[in-house]
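The lines below spell out each chain.
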Amino acid sequence: MKTYDLVGIGNAVVDVISHSDDAFLDNMGIEKGIMQLVPQDRAEQLYGAMTDRLQTPGGAVANTIAGVGALGLDTAFIGRVRDDGLGRFYANAMTDNGIDFVNPPVVEGETPTSRSMIFVTPDGERSMNTYLGISTGLSSTDVPAEVAGNAKIMFLEGYLFDEDAGKTAFREAARAAKAGGGMAGITISDPFCVERHRPDFLQMIEHELDYVIGNEAEIKSLFETDDLEDAMAKTSAMCPIMVCTRGGDGVTLIRGGERVDIPAPERITPVDATGAGDQFAAGFLYGMATGRDLETCGRMGNLCGSEVISHVGPRPEKDMMEIFRAEGLL
């Protein structure tokens, strides 16, 4: 039976990218520079209005899994797609990247594959319109016990907390991974997600998980405070490993009594911030999976996050192993 270094559970979203101008955004009623959730009919309208479509497999945890897979570890992704054009594209693209996509596309029902229509204007702003589609239906039946139970590290996407079936699937997957000798953790995903489900988030972080990754806003939202130090202290008291990404201020990692503050790498001119947190998580989890110390895990995360903001797209383009070697981390 195959053992995985990392298994992720998250939204399986096809990113559909198109170039447009401000006049197009105005005509279509698209709010510039933000991510909006849209219903199915709006998604189909926007998809039909796109011209030079570039389609890539997306989703936050899926991007992390792809980053770790590119570093040479055995990975699997659990997520729902429909047996439609976009769903088959997604499943094939993940497999082509060496990731085990363990859920066959869903044939029954009519809810289509999730997609995010991303309009890029000449100034580089990305206006995202996301239809969550079939992803939101993820439940325990989508999580194969033999995959979850053979994960060295399980990584969960906070967005799926919006459905009770998703919460149950997370708890069962985390318990299966830990019962098999692995560890489980979550990326918080969004402070608004915490606002909607704070008691469940806190319960899971304290009782089910071994690590939690969030940015400043997400960590503070757990405890409804503007005091980041207080929020980090409370989070680390609940969970064995707390990771807080702080943008230009770097990252703080706390494990028990050990705290590491790592500054952000210099010399990076941001081109596209999409995927920065996802690829930070990839570097950090690669370090964890290969037994690195806490500081090295954080530095690997920073380097992966820095690489991805240097170009358009949410996945690495350079050989990160070469960069790790150049920085003396291997």
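Here, every reference points to the structure presented above.
A brief structural summary. Predicted, not measured: the structure shown is a model, and the values here were computed from it.

Rules of the game
- Residues numbered from 1 in each chain as written.
- Predicted model: local features only at pLDDT ≥ 70, side-chain atom pairs only at ≥ 80, totals over all residues.
- Heavy atoms only, no water.
- Core = buried A, V, L, I, M, F, W, Y, C linked by side-chain atoms within 4.5 Å.
- Buried < 20%, exposed > 50% of the residue type's maximum accessible area, 1.4 Å probe, protein only.
- Helix = DSSP H or I, 4+ residues; strand = E, 2+ residues; numbered from the N terminus.
- Contact = heavy atoms within 4.5 Å.
- Axes fitted to C-alpha atoms, helices over the stretch in contact; angles between N-to-C directions.
- Parallel < 35°, antiparallel > 145°, perpendicular 65-115°, else oblique.
- Nonpolar A, V, L, I, M, F, W, Y, C, P; charged D, E, K, R; others polar.
- Salt bridge = Lys/Arg side-chain N within 4 Å of Asp/Glu carboxyl O.
- Left-handed = near helix turned anticlockwise from the far one by under 90°.
- Pairing = 2+ DSSP bridges.

### Comments concerning the nonpolar core
So, step 1. Counting residues in each nonpolar core, the largest one holds 56 residues, and the members touching the most others are F77, Y90, Y211, F284 and F324.
So, step 2. By residue number, the principal contributor to this core is helix α10 (residues 276–289), which donates 7 residues.
So, step 3. Discounting residues that sit within four places of it in the chain, F284 has contacts with Y211, I213, I241, V243, L253, C297, G298, M300 and G301.
So, step 4. Core analysis: the next-biggest nonpolar cluster, separate from the first, contains 40 residues, V7, A151, A174 and L222 among them.

### Some points on the packing of helix α6 (residues 164–179) against helix α7 (residues 191–207)
So, step 1. For the pair α6 and α7, interaxial distance at closest approach is 12 Å and the crossing angle is 5°. Classified by the angle their axes make, α6 and α7 are roughly parallel. Mapping the contact onto sequence places K167, F170, R171 and A174 in α6 and H197, D200, Q203 and M204 in α7.
So, step 2. Tallied by class, the residues present in the contact of α6 with α7 amount to 3 nonpolar, 2 polar and 3 charged.

### Let's talk about the pattern of salt bridges
A side chain of one charge can pair with a side chain of the opposite charge if their charged atoms are brought near each other.
So, step 1. Under the defined criterion, the tally for this structure stands at 19 salt bridges.
So, step 2. D22 is the partner of K32 in a salt bridge, and the nearest nitrogen-oxygen pair spans 3.1 Å. Of this pair, K32 sits in the loop between α1 (22–28) and β3 (35–37) while D22 sits in helix α1, and the two are 10 residues apart along the sequence.
So, step 3. Accessibility expressed as a relative area gives 39% for D22, which makes it partly exposed.
So, step 4. Because the salt bridges share partners, they merge into one network encompassing D164, K167, R171 and D200.

### Considering the packing of α10 against helix α11 (residues 294–308)
So, step 1. Running from N to C, α10 and α11 point in directions that differ by 150°, and their axes come no closer than 7 Å. Note on packing geometry: the crossing formed by α10 with α11 is right-handed. The residues of α11 that touch α10, namely those facing A276, Q279, F280, G283, F284, Y286, G287 and M288, are C297, G298, M300, G301, N302, C304, G305 and V308.
So, step 2. Class assignment of the residues belonging to the contact of α10 with α11 gives a composition of 9 nonpolar, 7 polar and no charged.

### Remarks on the pairing of strand β13 (residues 251–255)
So, step 1. For β13, the buried fraction is high: 4 of the 5 residues fall into the buried class.
So, step 2. When strand β12 (residues 241–245) meets β13, the two strands line up antiparallel, connected through 5 bridges. Across the sheet, V243 pairs through a bridge with L253, a residue of β13.
So, step 3. Taking the residues that link successive antiparallel strands as the turn, the β12-β13 hairpin has 5 residues, and the phi of G247 there is positive, at about 60°.
So, step 4. For β13 and strand β14 (residues 258–262), the ladder comprises 5 bridges, and the chain directions are antiparallel. Of the residues in β14, the one forming a bridge with V251 is I262.

From the geometry alone we can't say anything about function, so treat these as descriptive.
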